[in-house]
Amino acid sequence: MLRTVAFVAHVLSGAVWTGAALFVAYAVLPRATDGTMSRAGFVDAAHRLLMITRWTGVALPVTGAYLVWLLYRPLELLTGTSRGWAVLAMLSLWGVMNGLVELGVLRMRREVDPDVGWGEYMAEGFPVEALDGIGAAPGSARLAAVARPYLLASAGLAVLLLVDAALLAGGIPA
Ligand code: HEM
């Protein structure tokens, strides 16, 4: 029963997170880049992606660690089987993609709020209220330009994660 709950929570979290990252890169970033989208709209979308990253950033490693404990004991199975390597790749891709989303949104926030520290950013993210009292510049195009490499790279890693998950689901042999 717990195993089923862990699989469902894990797959749901992975689907929501990778889907959100891909949607932002495909549908939101281009409209912010060409200035069609308002700055507040873009900041709100980026902040929501960050919040999804943080919530799933708890759910994925917790459920993933449980699945490792369940399916990959002794731990040598992680380094001694192809499925184990796929799980290690999943863990690594998760870590790098998390860092990219965090850094991309931090760079956006520092464009409007250069003095924001790590503590404040970790507590708040980039809520749309952080724009209060800021003038017209920087606009959405400028914010999109600083976030673009991070958001595109995270979308690329999301694709790799989905391929990795599909290989595991498709049953690559041990
Ligand atoms: C902390 C990071 C992660 C760890 C430790 C982890 C670990 C695991 C483990 C141990 C399994 C079971 C593999 C098996 O059935 O042999 C699994 C399955 C799965 N993971 Fe992750 N995972 C992580 C992150 C992610 C992320 C970011 C995604 C996003 C796509 C994801 C999607 C999936 C999916 C869809 C499956 C089901 C594959 C199947 O049918 O077996 N995981 N994960």
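Residues numbered from 1 in each chain as written. Predicted model: local features only at pLDDT ≥ 70, side-chain atom pairs only at ≥ 80, totals over all residues. Heavy atoms only, no water.

Q: Explain the coordination of the iron atom of the ligand residue by residue, including any values.
A: Of the protein atoms, only His10 (NE2) and Met90 (SD) coordinate the iron atom of the ligand, at distances of 2.0 to 2.3 Å. Viewed at the metal, the six donor atoms of the iron atom of the ligand are separated by angles of 87 to 180 degrees, and the geometry they form is octahedral. Of this pair, His10 sits in helix α1 (residues 2-33) while Met90 is found in helix α4 (residues 82-112), placing the two residues 80 residues apart along the sequence. (Donors = N, O, S within 2.8 Å, 3.2 Å for Na, K, Ca; no water. Tetrahedral: all angles 85-135°; square planar, octahedral: opposite > 155°, others 65-115°. Helix = DSSP H or I, 4+ residues; strand = E, 2+ residues; numbered from the N terminus.)

Q: An account of the environment of Glu102 is needed here, citing residue identities and associated values.
A: The residue Glu102 is located in helix α4 in this model. Counting along the chain gives 32 residues from Glu102 to Ile134, while the straight-line C-alpha distance between them is 22 Å. Setting aside residues up to four positions removed in sequence, Glu102 forms contacts with Leu50, Arg54, Tyr121 and Met122. A distance of 2.9 Å separates polar atoms of two side chains, one belonging to Glu102 and the other to Arg54. (Contact = heavy atoms within 4.5 Å. Polar contact = N/O pair within 3.5 Å; in protein donor to acceptor, adjacent residues only side chain to side chain.)

Q: Got a sec to walk through the packing of α4 against helix α6 (residues 140-169)? Specific residues and values, please.
A: As a packed pair, α4 and α6 sit with axes 9 Å apart at the nearest point and diverge in direction by 165 degrees. Compared by their axis directions, α4 and α6 come out roughly antiparallel. Between α4 and α6 the crossing geometry is left-handed. In terms of residue class, the contact of α4 with α6 is made up of 24 nonpolar, two polar and five charged. (Axes fitted to C-alpha atoms, helices over the stretch in contact; angles between N-to-C directions. Parallel < 35°, antiparallel > 145°, perpendicular 65-115°, else oblique. Left-handed = near helix turned anticlockwise from the far one by under 90°. Nonpolar A, V, L, I, M, F, W, Y, C, P; charged D, E, K, R; others polar.)

Q: An account of the UniProt feature "transmembrane region" (unreviewed entry) in the protein is requested, with residue identities and associated values reported.
A: In the numbering used here, UniProt assigns the feature "transmembrane region" (unreviewed entry) to residues 6-29, 49-72, 84-101 and 150-172. Across residues 6-29, the secondary structure splits into 100% helix and 0% strand, with the terminal C-alpha atoms separated by 33 Å. Along residues 84-101, the helical share is 100% and the strand share 0%, with 26 Å between the first and last C-alpha atoms. (UniProt positions renumbered as here; feature names shortened; annotations may be inferred.)

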